Amino acid sequence: MAVDPADAAEVEKLYEFGERLSEAKDKSEQHLGDYEGIIAAVKGQSLKAKQLAAQLIPRYFKHFPSLATQAMSAQFDLVEEDELAIRVQAIRGLPLLCKDTPEYVSKIVDVLGQLLGSEENVERDAVHKALMSLLRQDVKASLTALFNHIELGLENVREKVICFLKDKVFPIKAELLKPQDEMERFVTDLVKKSLQDVTGAEFKLFMEFLKNFKLFGDGASPENIRELIEIIEAQADLDAQFNVADIDHIDRLSSCMYMALPFYKGGASSSKFVSYCNKHIIPVLDKLPEEKRIGLLRTVAASSKYASAQDSRQLLPSIVQLLTKYMPGKKAEDMSYDYVECLLYTFHHLAHKTPNTTNSLCGYKIVTGQPSDRLGEDFSEQYKDFTVRLTATEETVRQTMKKLTQGMSEYNKALSAAKTDEEKANIKAEQQKTTMKLRICNNILAMTKPLHVKTPSFIGDDKIDLSWMETAKKSQASNAGSSVKRPQPSTNGNSTVKKGRFDGGQKQLMNRAFEGISRGGGSGRGRGWGGRGRGRGYR
């Protein structure tokens, strides 16, 4: 193929500029014209000249501070060229712009963050390498620019930035975050700012990251653990008025409570969550959707063992009221077994911490020597009603267990006779449901048994394995050693632009870099865990 003479001449001229600058001992104003000639090539027609300019602009950038703005603008223009080879070369040159001029790190990282959405593997790889280079040069400025995208950036860009942090930065935090204590505090503050507007999956990701810091790990101070709890409580919106129609808030509340469990186990207070549930959730429990109701009850049950005596005293009357609602007053054909399991478990653990509170609630005669024993009052009706319900519950459970056991035998016969994989899969699924229900029934009987006497011993240890917790443990064990990943925000959105270029014309990247990032964030949870704002949900 014949070479265009004009094209060859333009490339030759660039080589001449480069050679003069390379040979010159003093690359100052007397060679300004040579560098201006290199910059001007970006506006030309020659693709080869543009690719060569993408190498030469960063190489001599530090010597011409008076042309810094024009040089960076030209490099950004090259980043948005149609030709892949030019874009890749320009991206590779971006870190060199900061090598001797670190004040430009945050601007370059901002631009590279926007380029993470490229569809071309070689281009995306160049962006990753450029970002890692800048992170090693100035980790504070680089992380600040990346987290600005998370806090304020366009939807597709922020998701790509989060994935980059998860896949490339978090795994080598020990290498990047030095000195450790100072940098862990710095990143914690960045994360906290970003958490004003995240999805559930993003929140879990960032919390896992923080939990792996020395700052919040084994041996962390009570103040630091309290800081994590406050982050979780803020995400749960515990200061907001509860609305039974707000599914987003229900999801967030339940998930945040569950996320806080390890910290409660370590001694952190659960008072704020307990108080919110007692005041806002339990009074309207029946108005919640079925699947949300059981989810919240399970979370309350799992956290009940860590409740303080004072919190237990406040919550226990509400739990007893729910028990009298869901435990039948006489033998029944069916009942809400999973509800009763949760409530009995919660009852035991709360009562274990404040046993004499049950005297007025259930008619027991537990003596602690405190005025709250109320031993001089007659609560015999409460005792009669409660024990009648216990007995009716046990009879209903035993009747159900008999049917379930017979059903298991039928499933085994059906499985032997099944001919197709689909039939076998359906039968096994029903077997699993039956096994789960049998486990629930066994737990109910184990928890009702000690409650028939006037001075019962409440279960306050790990003797009872909640049915769904046991299933979760088995699931985790089966996944041990496998490469199961945490849920991540979708990266398959339709907003990724062809060839890594972005809407808004050639000047968008330059404008973002030179105008700086607007600090207009922090206006509440606009993104939400559900359908609010940008419509990205917890799931």
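A few points on the structure. It should be emphasised that the depicted structure is a prediction, and the values quoted were computed from it without experimental measurement.

**Topic: the overall build of the chain**
Turning to step 1, where the next piece is worked out: What the chain contains, in helices and strands, is 23 helices and zero strands.
Turning to step 2, where the next piece is worked out: Put simply, of all contacts in the chain between residues at least 6 apart along the chain, 72% involve residues at least 24 apart.
Turning to step 3, where the next piece is worked out: In the form shown here, the chain has an accessible surface area of approximately 25900 Å², with 50% of it arising from carbon and sulfur atoms.

**Description of the nonpolar core**
Turning to step 1, where the next piece is worked out: The biggest cluster of nonpolar side chains holds 155 residues, and the ones touching the most others in it are Tyr35, Ile108, Leu112, Leu143, Phe273, Phe347 and Tyr364.
Turning to step 2, where the next piece is worked out: Looking at which element gives the most residues to this core, the answer is helix H18 (residues 337-353), with ten residues.
Turning to step 3, where the next piece is worked out: Ignoring anything within four residues of it in the chain, the contact list for leucine 143 reads Leu135, Leu165, Val169, Leu177, Val187 and Leu190.

**Topic: helix H3 (residues 47-59)**
Note that an α-helix has 3.6 residues per turn; residues three or four places apart therefore point the same way.
Turning to step 1, where the next piece is worked out: Between its terminal C-alpha atoms H3 stretches 19 Å, which fits the 18 Å expected from 13 residues at 1.5 Å a residue.
Turning to step 2, where the next piece is worked out: By the largest-angle criterion, alanine 53 marks the main kink of H3, which is about 25°.
Turning to step 3, where the next piece is worked out: Every buried residue of H3 is accounted for by Ala49, Lys50, Leu52, Ala53, Ala54, Leu56, Ile57 and Pro58.
Turning to step 4, where the next piece is worked out: Buried-residue contacts for H3 involve helix H1 (5-23), helix H2 (32-40), helix H4 (68-79) and helix H5 (84-93).
Turning to step 5, where the next piece is worked out: In this structure serine 46 caps H3, since a side-chain oxygen of it lies 3.5 Å from the backbone nitrogen of lysine 48.

**Description of the side chain of threonine 299**
Turning to step 1, where the next piece is worked out: Assignment of secondary structure puts threonine 299 in helix H16 (residues 290-304).
Turning to step 2, where the next piece is worked out: Residue classification places threonine 299 among the buried positions, given a relative accessible area of 4%.
Turning to step 3, where the next piece is worked out: A polar contact is formed between the side chain of threonine 299 and the side chain of serine 254, at a distance of 3.1 Å.
Turning to step 4, where the next piece is worked out: Discounting chain neighbours no more than four positions away, the residues touching threonine 299 are Ser254, Met257 and Tyr258.

**Let's talk about a negative patch on the surface**
Turning to step 1, where the next piece is worked out: A cluster of like negative charges, contributed by Glu12, Glu16, Glu19 and Glu23, occupies part of the molecular surface.
Turning to step 2, where the next piece is worked out: Residue position: glutamate 16 is located in helix H1.
Turning to step 3, where the next piece is worked out: Given a relative accessible area of 37%, glutamate 16 falls into the partly exposed group.

**Examining the packing of aromatic side chains**
Turning to step 1, where the next piece is worked out: Counted under the stated rule, the structure contains 13 aromatic pairs.
Turning to step 2, where the next piece is worked out: Here phenylalanine 170 and phenylalanine 209 contribute two aromatic rings whose centre-to-centre distance is 3.5 Å and whose plane-to-plane angle is 10°, an arrangement assigned as stacked. Of this pair, phenylalanine 170 sits in the loop between helix H9 (155-169) and helix H10 (173-176) while phenylalanine 209 is found in helix H12 (residues 200-211), placing the two residues 39 residues apart along the sequence.
Turning to step 3, where the next piece is worked out: Cluster of aromatic residues (ring-pair linked, three or more members): Phe147, Phe170, Phe206, Phe209 and Phe213.
Turning to step 4, where the next piece is worked out: Here lysine 140 stacks its cationic end above the ring of phenylalanine 186, 5.3 Å away from the centre of that ring.
Turning to step 5, where the next piece is worked out: Sitting over the ring of tyrosine 326, lysine 325 keeps its end group 5.8 Å from the ring centre.

**Here we look at the pattern of salt bridges**
Turning to step 1, where the next piece is worked out: In total, this model carries 28 salt bridges according to the counting rule given.
Turning to step 2, where the next piece is worked out: Here aspartate 385 and arginine 389 are joined by a salt bridge, their closest N and O atoms 3.1 Å apart. Here aspartate 385 pairs with arginine 389, and both are found in helix H20 (residues 380-417), just four residues apart, close to one helical turn.
Turning to step 3, where the next piece is worked out: Since its relative accessible area comes to 34%, aspartate 385 is described here as partly exposed.
Turning to step 4, where the next piece is worked out: Assessed through its relative accessible area of 18%, arginine 389 is described here as buried.
Turning to step 5, where the next piece is worked out: Each of Arg185, Asp189, Lys192 and Glu227 takes part in salt bridges that share partners, so that together they form one network.

**A closer look at H1**
Turning to step 1, where the next piece is worked out: Here H1 is 19 residues long and its end C-alpha atoms lie 27 Å apart, about the 27 Å a rise of 1.5 Å per residue gives.
Turning to step 2, where the next piece is worked out: Of the positions making up H1, those classed as buried are Asp7, Val11, Leu14, Phe17, Gly18 and Leu21. The buried residues of H1 occupy one face: seen down the axis, they fall within an arc of 115°. Exposed positions of H1 whose direction lies more than 90 degrees from the buried face are Pro5 and Glu23.

The rules we used
- Residues numbered from 1 in each chain as written.
- Predicted model: local features only at pLDDT ≥ 70, side-chain atom pairs only at ≥ 80, totals over all residues.
- Heavy atoms only, no water.
- Helix = DSSP H or I, 4+ residues; strand = E, 2+ residues; numbered from the N terminus.
- Contact = heavy atoms within 4.5 Å.
- Areas by Shrake-Rupley, 256 points an atom, 1.4 Å probe, with all protein chains shown as cover.
- Core = buried A, V, L, I, M, F, W, Y, C linked by side-chain atoms within 4.5 Å.
- Buried < 20%, exposed > 50% of the residue type's maximum accessible area, 1.4 Å probe, protein only.
- Expected span 1.5 Å × (residues − 1).
- Bend = angle between axes of the 7 residues up to and from the residue.
- Polar contact = N/O pair within 3.5 Å; in protein donor to acceptor, adjacent residues only side chain to side chain.
- Patch = residues over 30% accessible without salt bridge, like charges linked within 9 Å, V, L, I, M, F, W, Y side chains within 5 Å.
- Salt bridge = Lys/Arg side-chain N within 4 Å of Asp/Glu carboxyl O.
- Lys, Arg positive; Asp, Glu negative; His and termini not counted.
- Charge placed at Lys NZ, Arg CZ, Asp CG, Glu CD.
- Phe/Tyr/Trp six-rings, centres within 6.5 Å; stacked < 30°, edge-to-face > 60°.
- Lys NZ or Arg CZ within 6 Å of the ring centre and 35° of its normal.
- Arc of directions from axis to C-beta.

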